[in-house]
Amino acid sequence: MKKYTSFFLILIIILFVWLGRMFHNNENDSFSNLDFEQIKERGYICVSFSHSEDGMLVDSNGAKSGFAYEKVMKFVNEHDLALKYKLEDNLDKQIEMLNSCECDLIARDIPITKAMKNEVLFTDAFSKDRMVLVQRKKSSGTDSIYVYNQLNLIGKHVSLPANSPFITRVKNLSKELGDSIYVDIEKNHDRDLLITLVSKGDINYTVSDLRTAKRLSKRYENLDIHLPIGFTTLQGWAVRKGSPKLCDEINNFFKEEE
């Protein structure tokens, strides 16, 4: 009798596991098709911002600000949606959240590249920008650290966040120059922090988009941002590939805002 009881218990456990997997798969299938109509019906949109002046900041009193945040608020107010948000500086994590439906939109300027197009659906380009080397200004006399041109980067160490879209460009530049430029991946540091560390002298070089570099160079006057590392790139926001109507709504809204 005990053998039969154990056998039936095992069957029941297997049945529950199977039903759980079926429910999870069906849930994922419906999530992958989550588009603007479903978001409207749900009543809110979840947006991932970077924690910066370009993205979104929350002060000690709970007041919110930031370039991307203010643009998103115009969109949600126009469509009578509530806003839920997630602050995340790591772009790879943001893409994971997007494609697992933890968020519906990544509201940060992302270089529109072929590789990125395989992972997400881009909005129309909101801006153009270029990559620049961030270093300290030349000191008086001989300065072996200061980089005058791209050739001077040979043998140097450039620090970049683990999620930086600029890692590939620096590695390609190394190939173009036919010699080594060493990329130091900083897993726990974002772009803004690395620029701050350059100013403090803790590291010598990082790479940034020009807009961010200009913003922070006003705060840290010892920074030099004149040396371009790459061509001008188009940048846009990102939604899931299964959300083309959401993408169209965002594009149409901001065209009307221009």
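A brief report on the enclosed structure follows.

For the chain, the helix and strand inventory stands at nine helices and 13 strands. Residue burial in the chain is summarised as follows: out of 258 residues, 41% are buried. When contacts within the chain are restricted to residue pairs at least 6 apart in sequence, long-range pairs at least 24 apart make up 73% of them. Accessible surface, the chain as shown: approximately 14800 Å² in total, 53% of it carbon and sulfur.

For the rest of this paragraph, the subject is helix H7 (residues 191-200). With seven of 10 residues buried, H7 lies mostly within the body of the structure. Among the residues making up H7, those that are buried are Asp192, Leu194, Ile195, Thr196, Leu197, Val198 and Ser199. Tucked into the core, H7 has its buried residues touching strand S8 (131-136), strand S9 (157-161), strand S10 (182-186), strand S11 (206-209), helix H8 (210-219) and strand S12 (223-224). The backbone nitrogen of Asp192 has a side-chain oxygen 3.3 Å away, supplied by the residue at the start of H7, namely Asp190. One or two steps after H7, the chain reaches Gly201, where phi turns positive at roughly 90°.

In terms of residue burial, S9 counts as a mostly covered element, since four of its five residues are buried. Taken together, the five bridges between S9 and S10 define a ladder with parallel strand orientation. The partner of His157 across the bridge, within S10, is Tyr182. As a crossover connection, the stretch from S9 through helix H6 (residues 167-177) into S10 is right-handed.

Quick look at the layout of surface pockets now. The calculated volume of the largest pocket comes to roughly 420 Å³. Contributing to the lining of the largest pocket are 20 residues, with Pro111, Thr113, Pro165, Thr168 and Arg169 lying nearest its centre. Elements represented by at least two residues in the lining of the largest pocket include exactly helix H4 (91-99), helix H5 (114-117), H6 and strand S13 (233-239). Counting residues per element, the lining of the largest pocket draws most heavily on H6, which supplies three residues. Class assignment for the residues of the lining of the largest pocket results in 10 nonpolar, seven polar and three charged.

What counts, and at which threshold
- Residues numbered from 1 in each chain as written.
- Predicted model: local features only at pLDDT ≥ 70, side-chain atom pairs only at ≥ 80, totals over all residues.
- Heavy atoms only, no water.
- Helix = DSSP H or I, 4+ residues; strand = E, 2+ residues; numbered from the N terminus.
- Buried < 20%, exposed > 50% of the residue type's maximum accessible area, 1.4 Å probe, protein only.
- Contact = heavy atoms within 4.5 Å.
- Areas by Shrake-Rupley, 256 points an atom, 1.4 Å probe, with all protein chains shown as cover.
- Polar contact = N/O pair within 3.5 Å; in protein donor to acceptor, adjacent residues only side chain to side chain.
- Pairing = 2+ DSSP bridges.
- Right-handed = clockwise from strand over helix to strand, strands pointing away.
- 1 Å grid on protein atoms, 1.4 Å probe; cavity = no way out; pocket = protein on both sides within 12 Å on 5 of 7 lines; lining within 4 Å.
- Points joined across faces, edges and corners; volume = space filled by probe spheres on them.
- Nonpolar A, V, L, I, M, F, W, Y, C, P; charged D, E, K, R; others polar.

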